[in-house]
Amino acid sequence: MTTNSLRYLHHPQYSSLKRLSTSESIPPPPSSLFIRPSSSSSSSTNNLSSTTTFSLSSTTSSTSSTTSTSQPISFDALQHHLSTQNFRQADEETRRLLIVLAGEAAEKRGYVFFSEVQFISEADLIAIDDLWKQYSSNRFGYSVQKRLWQKVDKDFTKFFLKVGWMKKLDTEVEQYNYRAFPNEFMWELNDETPEGHLPLTNALRGTQLLNSILSHPAFEGQEDDEEEGEVGGEDGAVKGLRDGAKPLSNKFFKPDYSF
Amino acid sequence: MASLVSSPFTLPSSKPDQISSLSQKHFFLHSFLPKKTNNQPNSKSSLKVKCAVTGNGLFTQTTPEVRRIVPEKKDNLPTVKIVYVVLEAQYQSSLSNAVQSLNQTSNFALFEVVGYLVEELRDESTYKTFCKDLEDANIFIGSLIFVEELALKVKAAVEKERDRLDAVLVFPSMPEVMRLNKLGSFSMSQLGQSKSPFFKLFKRKKQGAGFADSMLKLVRTLPKVLKYLPSDKAQDARLYILSLQFWLGGSPDNLQNFLKMISGSYVPALKGTKIDYSDPVLFLDSGIWHPIAPSMYDDVKEYLNWYGTRRDVNEKLRGPNAPVIGLVLQRSHIVTGDESHYVAVIMELEARGAKVIPIFAGGLDFSGPVERFLIDPVTKKPMVNSVVSLTGFALVGGPARQDHPRAVEALMKLDVPYIVALPLVFQTTEEWLNSTLGLHPIQVALQVALPELDGGMEPIVFAGRDPRTGKSHALHKRVEQLCTRAIKWAELKRKSKTQKKLAITVFSFPPDKGNVGTAAYLNVFASIYSVLKDLEKDGYNVEGLPETAEALIEDVIHDKEAQFNSPNLNVAYKMSVREYQGLTPYATALEENWGKPPGNLNSDGENLLVYGKQYGNVFIGVQPTFGYEGDPMRLLFSKSASPHHGFAAYYSFVEKIFKADAVLHFGTHGSLEFMPGKQVGMSDVCYPDSLIGNIPNVYYYAANNPSEATIAKRRSYANTISYLTPPAENAGLYKGLKQLSELISSYQSLKDSGRGQQIVNSIISTAKQCNLDKDVQLPDEGEEISAKERDLVVGKVYSKIMEIESRLLPCGLHVIGEPPSAMEAVATLVNIAALDRPEDAIISLPAILAGSVGRNIEDVYRGSDKGILKDVELLRQITEASRGAISAFVERTTNKKGQVVDVADKLSSILGFGINEPWIQYLSSTKFYRADRENLRVLFEFLGECLKLVVADNELGSLKQALEGKYVEPGPGGDPIRNPKVLPTGKNIHALDPQAIPTAAAMQSAKIVVDRLIERQKVDNGGKYPETIALVLWGTDNIKTYGESLAQVLWMIGVRPVADTFGRVNRVEAVSLEELGRPRIDVVVNCSGVFRDLFINQMNLLDRAVKMVAELDEPVEQNYVRKHAFEQAQALGIEVREAATRVFSNASGSYSSNVNLAVENSSWNDEKQLQDMYLSRKSFAFDCDAPGAGMTEKRKVFEMALSTADATFQNLDSSEISLTDVSHYFDSDPTNLVQNLRKDGKKPSAYIADTTTANAQVRTLSETVRLDARTKLLNPKWYEGMMSSGYEGVREIEKRLTNTVGWSATSGQVDNWVYEEANSTFIQDENMLNRLMSTNPNSFRKLVQTFLEANGRGYWETSEDNIERLRQLYSEVEDKIEGIDR
């Protein structure tokens, strides 16, 4: 994919100048709001299967141009961090992997644009998710988050509260603010840690990235077995859910009409 | 009797006890928004009184320490210390980055840096740290410092160190700060004074956003400039310009090189060290940016080509049929890499299927880029369906000098809905969430009020700011709200008219069947009918629309029967509780105030009911009311109550079941925008935001009410479209008053004959019959008086009569789409002509006429006021001649049908032949035949323009534009007489730049009024100055008069406003006692809730002024503010400064004292209860020492301050709204309350100033009430005008009487005869009585009830017969309404 050459083509007056150095090459300052994607100095690229179909793209589902370079991606580091219960590192590594899997452009940019999630293969996402589940007794992972998210009718505020990414403010009115990264997050797995707390996905840029991840075909139908019992216990669980406006993203999803 | 008077809302009489027990509960008082009580561990906090902020009481608690980087010492490298102050927090992370990497890599120096956000300097200790930091700094950098108070602080601190500092770099800021610039031999200290070509560049464009843009131009024209400079200076100037390029290039790389360059060139310790730096990396000044595009574009076609090749999005988004949203971005956010919030909006829009064209610019003028990138150069059509500015700034001028006409011009070309959303700048996310005020007032002024002047809508806060990194981040729910709304507006442009669904919403206030379709000055149903007919013609589907407006009313309020007998209006939809809960995400939050749904409002016990009627794709619905109107508990104690379930159900229905493409709120005004929430800058839990959901909101609003229109714009995202108030007429004379005027004219011709005394006797007795004896001192009948005295008595009566006669009143009600005929505009034009307009070199007609007979008009006014007969007569002749001349002119510009034909053409033909000028022709036969022709010509040219505007009809046109997703031209709201720019109506109403008031002209008029007020009070009060005046500040008043009443307060305490370089008023200075020539008068300022919302900066200014005056070292007998503050400080054991608290209003998010609601619904026991209501709701003070705390309850100080008041005072702002027209004047009147609070129990004098005419007056309240009664309620011209509007007219008559009772209740200044005469006019006259009863029985019942109430409460003494008759009538009409036939 062409990157900077285009600019020079269109704007010859800049040709002698250096290209825009975006912030991805600089170590980020401490930041709050979940996460700022870590710099990805890694140049490893992926080799994905191109068999999946993507909901957002009606063009060819081939992802070859972003994934043309060799080197199968390695999940070893992630597994290592998780197996040592180093969730903080595992979280960083997951984000890095996601960026790498999303393609070269995302790597350059330093974050994943929501529409690039479709380029990540089912297999890779499932692999990441499986690792998280495996080392957290099914408490962490995207598929866990997806289940929780669906239970609150895909309302991100409710979801963020449920997984502990937002905190209640001490105001007259019930209000919430985002937790500051990294200190206000929980990096250990214990009874206090909310289900689905990790891995974190950046909300600095809104919720469309997480939406795309959770809507990825990789997580279709995974949550079935965990569906029983709890649905509807939430005060808000019955709302809106039944008005039919919601696209049925999951053919296996069994809506629960009980109050 | 009691049971007759009591309305269904009155509570049992055991109330007082309950009240006192309730008042103990802070919970009720302070929890103005509900709090879920379920399983929250810390739900106890709801019982706490929670202040918006803690700590320093300022708006922001962030500290510069998070920006401080102190390097570790190594290798004996020298340290370069940099201190910066910026408005743009986006520089923080970029600078920190640059410094950190420098410290890691550099081998020549270490960098220490600390940054301050300009707002933080308000805090005293932070400011001290700042000064301290400067003491050992090498380099100072400042940028965008445009807030005067803070600019002066920066200036003072840096100035001290300027000589010692190695370099001072200030980028676009106020000139005071710019002058600090210093780079070697390069200095800007001469800025604004020097004639050097270099500085001329800065000066070239005084107007507009010139300053920053000429700096940019400077960067571009670098070589040319350097030619003019001597060579040694050239180097330093070159480096300054490079610095600017680095700064505007903002990336960490650029900033690194910038720091290398500056320190290498100017820091002495590094002299001789060779430090390499790269040239700045330049980015486009303006262009198109997309986060995933390979480059920036400066051509929209190229951008769209790239868009079409995107692999990551589907065909639909890339194709030609997707909605297209234009985004306007700030370049500095992009280059510094602080663009997460922009990316969020882009992702959200694309995910929702909208294509985006995000454009950016580096300067402060976006009008060029908007035209260049968003309008197709060939077809001239917009390339977008709606535009969202994410900068928050006015389109032209940013925080500096705005150029609204240029912005409007560009946006008119673009012609799509224009939304201005904003990121938090001065506050962090949490600070904004915690604040009941919401947005920081300075941000409100800069980023809400100013964009409104461009026609910007929907000030949605879409991004927060992180306290540590200073970075902007998306607020995910807000981003969603913004994006869905932007797409909905865009859809209006795309959908066909037949498909479009419109929900027309009418009001019913107070809740009563007789009140459905209430709106100020508007015949609502006739207007709706005319709108729908027009829309039908235009292609909208309004299937089944009845034949007449009357039939439409019947449909909505059920049927003819419903006027008399029906529990309900027509039910359009029954919503089950389960459906309601499903559609309304915030339903559970309402339960704290209203219990489980459905509740008993808008409900049948099982379902929630939506009232209204649907015709094709148009739904006419009745907005539910607050729901607590009749509940004294809530009126008294809740700061605000949440909307009830029925209210929420209405909007859920409109949005999710009817699926409206737009809602049209019909007329001034409803309840939606007054629902609880932040003042400005709604969050997820603010009710106006939740209720309106994603529906575009179009709102017909009276042109004369810009303040409340602005609340609707800010809180419910309304595109307001102004409508005209009905044509005004002169009140004229009737009955006894008419006789009097005839007697006076015969006196004038016969006074020197022997009949003089006889006629005077008749005049005196007739004047007494007309109850004029309270207004004019009349001698006893039959008493012999001298000829001179006779003249004076007659002169005084005459002057009163003329005052009544020439009073303007709007007759009848306006109908949308029916502009006044030309002849109906005459009275308005006469009043427009009566004002001098020095700015346009226009002399008023009365002044021209008076001049022609050798008199000065001001002297004539004074003489007439004093009752000098010959002056009264001359003034009458002037008035008559003015009317005659203008009528003659208007006649000539209209055709036979009374329509205005092309005024311009007519005028030029008229003006071509001097002798033919109609006004000259007319005047030639009067005593004013010598009037100055040139002055007249200038004036009449102006009047011709005004006439064209008065009769122009744009109200329907603008509505259609809004519904078609076009841009509606913005225009000021206000009084067409004062400001003809209000015309033609049909504009998107805006207020004004809040920092622009008070103007110098306003200050001038204020002095006159204050001096007259004080004079008057001295006369009535044994020559003593009043020590304290309690007064009210209204939003609309201050908008219309550019801050006259604000200036009045300043003049009372003896201070004057000082404007900064940009003409903004942020400072005051004391006027010396010598100049003032009297003591400083203490004040108690009660600001309306609307004033508080619009002018919080001015409240701040006032509070500072009061505190400053209290701290002046002056004798207390010359400074009553100081005197009282001392006493109060002692009594309360607080500091003088704190005791000097005089600026009060409601709590944030709450409006009015609710006395009006209590009176309108007759739901009050005694005056004490009304006074409690007033005190408990109005005793919230604004403190300039802790502005971030918002409104804080300070009841004790409020009561103490009020107890010193010798006079109460209010301003009337326009002729069409006077004391009894609206309920808010008496709602805020504290006269009786002050009497109760005063130790001596003395009733204060009560005054009303009337600046609606050229001859400003200060009258007592009782005089004004009498004048009002005579010109309106009791005037056949007025009530017959109302009766001709039918159903709605009866309600208007009833409202005047109710408001009169309100004045009795709060001030006791209503004479008995007013009620007596009203009774004989409306009740004793059988014919009238029957008309009222049959036209609107519900309102008639209320009228009868109000008479009985006036008597029952002791405000009206009358015969037992009268009362008996009223009782009888009450039960008759009751039976009729209940449908019981006798």
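What comes next concerns the included structure. Since the structure is predicted, the reported quantities are computational estimates derived from the model, not experimental observations.

Residue and element names in this part refer to chain B. Following the criterion strictly, the structure yields 94 salt bridges over all chains and no others. A salt bridge links D1082 to R1142; its shortest N-O distance comes to 2.9 Å. Residue D1082 is located in strand β29 (residues 1082-1087), and its partner R1142 is located in the loop between α48 (1136-1139) and β30 (1143-1145); the two are separated by 60 residues in the primary sequence. For K1295, the salt bridge goes to E1292, with nearest N and O atoms at 3.6 Å. You can see K1295 and its partner E1292 sitting in helix α56 (residues 1287-1307), 3 residues apart, about one turn around the helix. Under the relative-accessibility criterion, K1295 is labelled partly exposed at 23%. When salt bridges that share partners are traced, they join E65, R68, K81, D133 and D136 into one network.

Residues and elements named next belong to chain B. Running from amino to carboxyl end, helix α4 (residues 90-105) crosses helix α12 (residues 252-266) at an angle of 60 degrees, the nearest separation of the two axes being 8 Å. Comparing their axes, α12 and α4 come out oblique. With respect to the hand of their crossing, α4 and α12 are arranged in right-handed fashion. Contact with α4, carried on its side by Y91, S94, L95, N97, A98, V99, S101 and L102, involves P252, L255, Q256, L259 and K260 of α12 and no other residues of that element.

The next subject is unusual backbone geometry. In this structure, the amide linkage connecting F181(A) to the following residue, P182(A), adopts the cis form with an omega of 0 degrees. Topologically, P182(A) is positioned in the loop between β2 (176-178) and α8 (208-214). A cis amide bond, omega -10 degrees, links L983(B) with the succeeding residue P984(B). With respect to the helices and strands, P984(B) occurs in the loop between β24 (970-972) and β25 (988-990). Here N602(B), not a glycine, exhibits a phi torsion of approximately 50 degrees, which is positive. Checked against the element boundaries, N602(B) lands in the loop between α25 (591-594) and β17 (607-615). Its relative accessible area of 15% is what places N602(B) among the buried residues.

Attention shifts here to the sheet that holds strand β10 (residues 386-389) of chain B. All names here are of chain B. Read from one edge of the open sheet, 5 strands run β7-β9-β8-β10-β11, paired in mixed fashion. With partners counted over all chains shown, the strands left at the sheet margins are β7 (286-288) and β11 (418-420), one partner each. Ignoring strand direction, the axes of neighbouring strands in this sheet form an average angle of 20 degrees. Relative to β10, strand β8 (residues 324-330) runs parallel, the two sharing 4 bridges. Following the sheet pairing, G326 is matched in β10 by V387. Relative to the sheet, helix α17 (residues 367-374) contacts β7, β8, β9 (355-361) and β10, its axis offset from that of β9 by approximately 145 degrees.

Before going further, it helps to spend a moment on the sheet that holds strand β14 (residues 472-474) of chain B. Residues and elements named next belong to chain B. Ordered by their spatial adjacency, 3 strands build an open sheet running β12-β13-β14, and the pairing between neighbours is mixed. With partners counted over all chains shown, the strands left at the sheet margins are β12 (422-423) and β14, one partner each. As paired elements, strand β13 (residues 461-465) and β14 share 3 bridges and run antiparallel to each other. Directly across from R465, in β14, lies its bridge partner S472. The strands touched by helix α16 (residues 340-351) within the sheet are β12, β13 and β14, with β14 carrying the most contacts at an inclination of about 20 degrees.

What counts, and where the lines are drawn
- Residues numbered from 1 in each chain as written.
- Chains lettered and ligands numbered in written order.
- Predicted model: local features only at pLDDT ≥ 70, side-chain atom pairs only at ≥ 80, totals over all residues.
- Heavy atoms only, no water.
- Salt bridge = Lys/Arg side-chain N within 4 Å of Asp/Glu carboxyl O.
- Helix = DSSP H or I, 4+ residues; strand = E, 2+ residues; numbered from the N terminus.
- Buried < 20%, exposed > 50% of the residue type's maximum accessible area, 1.4 Å probe, protein only.
- Axes fitted to C-alpha atoms, helices over the stretch in contact; angles between N-to-C directions.
- Parallel < 35°, antiparallel > 145°, perpendicular 65-115°, else oblique.
- Left-handed = near helix turned anticlockwise from the far one by under 90°.
- Contact = heavy atoms within 4.5 Å.
- Pairing = 2+ DSSP bridges.

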